[in-house]
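Residues per chain are reported as follows:
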There are 2 protein chains.
Amino acid sequence: MAEPALDALVEALRSLPGVGEKSARRMALHLLQHDRPGAQRLALSLQAAVATVRHCVRCHTFTESELCGICADPQRDARLLCVVETPADQAAMERTGSYAGYYFVLMGRLSPLDGVGVHDIGLRELLARSCQPEVEEVIVATNFTAEGEATAHAVSEALKARDLRVTRLARGVPVGSELEYVDLGTIAHALVDRR
Amino acid sequence: MAEPALDALVEALRSLPGVGEKSARRMALHLLQHDRPGAQRLALSLQAAVATVRHCVRCHTFTESELCGICADPQRDARLLCVVETPADQAAMERTGSYAGYYFVLMGRLSPLDGVGVHDIGLRELLARSCQPEVEEVIVATNFTAEGEATAHAVSEALKARDLRVTRLARGVPVGSELEYVDLGTIAHALVDRR
């Protein structure tokens, strides 16, 4: 059964992260059988997003204007700059409601094995942004994974020479958890960072 | 952060089966950050597939012509008609290399809870197809799930009045399996259907 348009769709769906041959085929059959309007909508919104979504010139997150909503907001605390890996991490910080400063979004993390080096995460732009006179503290909020820690280390090293406070999110026992079920590394860190 | 094109893309990706809010956002960020050509390709292939993929007029499977490749092949055994639920099931039958007849693809299964009734699975078209004079046997190869069994029952009932042999794929112990690890219902069926 050679159906080139169907096979091309299956192949294209495999560009999606976490989607293999079998899921891609299931998705293609589902869209064609049950949801052609959804398929059309997806095609149009892919094209619209590719055409309009770009990077904020100040913080590098995705935006559809020159500046993202946060960078364009003059009410925030300009003394604080929080460095996160992705827009999803930034959204998590925002949801806490306990941070009022600006962000710099690396749009990735250092990952030498995947060929992601310091140029790919915009370290130079971060340095330029951090050197603006109003910035007093850079909070490094990369993930607490091996790659996130390596990224945090590179960011801290790069900022060392500047007259800036560079801090890292506290490691410790998650709120609501019982010690018995928390992994040992976390407890050890919480002990070292006790206050 | 109101980014309408990005939010619309996330929403549209949720049309895909098995994709929730979080996966959809991860897919959108991945495409925009790492694979814009892939996103363009996906958009174009969605549009091409929606425009060109339709149902074979004889067997109802997806095709880009009037007849699918199998129905258009005069070499197959016209006495046999195999009823399957989906093109994926049809592909599995084809891969066995042990079936040379034609197919009828229901493009679904009976599922009253989801509002899928006998009209949605093309039972009337199946009857018309089965009544063509060359057809001698209809092999019902719907899945051995509750819904597949109900569909098989409906198909068999509908074909009863006609002068046709109606058979069902044999249930039994899968090839290569050890009895100890096979579920009891399967063993019981294999015992009843022993030969």
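Scroll up to find the structure.
Below: a short report on this structure. (Residues numbered from 1 in each chain as written. Chains lettered and ligands numbered in written order. Predicted model: local features only at pLDDT ≥ 70, side-chain atom pairs only at ≥ 80, totals over all residues. Heavy atoms only, no water.)

## Section: the relation of the copies chain A and chain B
- Rotating chain A by 180 degrees and moving it 0.0 Å along the rotation axis overlays it on chain B with an RMSD of 0.1 Å. The superposition of one copy onto the other is thereby described by a two-fold rotation axis. Among all residues of chain A, the one whose C-alpha sits closest to the rotation axis is Ala43(A), at a distance of 2.0 Å.
- Taken as a fraction of all interface residues of chain A, those also at the interface in chain B reach 100%, which identifies the copy contact as same-surface. (Least-squares fit on C-alpha atoms with pLDDT ≥ 70 in both. Contact = heavy atoms within 4.5 Å.)

## Regarding the side chain of Glu137(A)
All names here are of chain A.
- Take glutamate 137: it is sitting in strand S5 (residues 137-140).
- With a relative accessible area of 15%, glutamate 137 lands in the buried category.
- Looking at glutamate 137, its side chain comes within polar contact range of the side chain of arginine 165, at 3.2 Å.
- Filtering out sequence-adjacent residues up to four positions away, glutamate 137 remains in contact with Arg79, Leu80, Leu81, Leu164, Arg165 and Thr167. (Helix = DSSP H or I, 4+ residues; strand = E, 2+ residues; numbered from the N terminus. Buried < 20%, exposed > 50% of the residue type's maximum accessible area, 1.4 Å probe, protein only. Polar contact = N/O pair within 3.5 Å; in protein donor to acceptor, adjacent residues only side chain to side chain.)

## A few points about the interface of chain A and chain B
- Between chain A and chain B, the contact holds 49 residues from the first and 49 residues from the second.
- Of the roughly 4,500 Å² buried between chain A and chain B, counting both surfaces, carbon and sulfur atoms make up 69%.
- The interface formed by chain A and chain B holds zero salt bridges in total.
- For the pair chain A and chain B, the number of links is 14 residue pairs in polar contact (both at pLDDT 80 or more).
- Contributions of two or more residues to the side of chain A that touches chain B are made by helix H1 (4-13), helix H2 (21-34), helix H3 (36-52), strand S1 (54-55), strand S2 (62-63) and helix H4 (87-96) of chain A.
- The greatest single-element share of the side of chain A that touches chain B, amounting to 15 residues, is contributed by H3(A). (Buried area = accessible area lost by both parts, 1.4 Å probe. Salt bridge = Lys/Arg side-chain N within 4 Å of Asp/Glu carboxyl O.)

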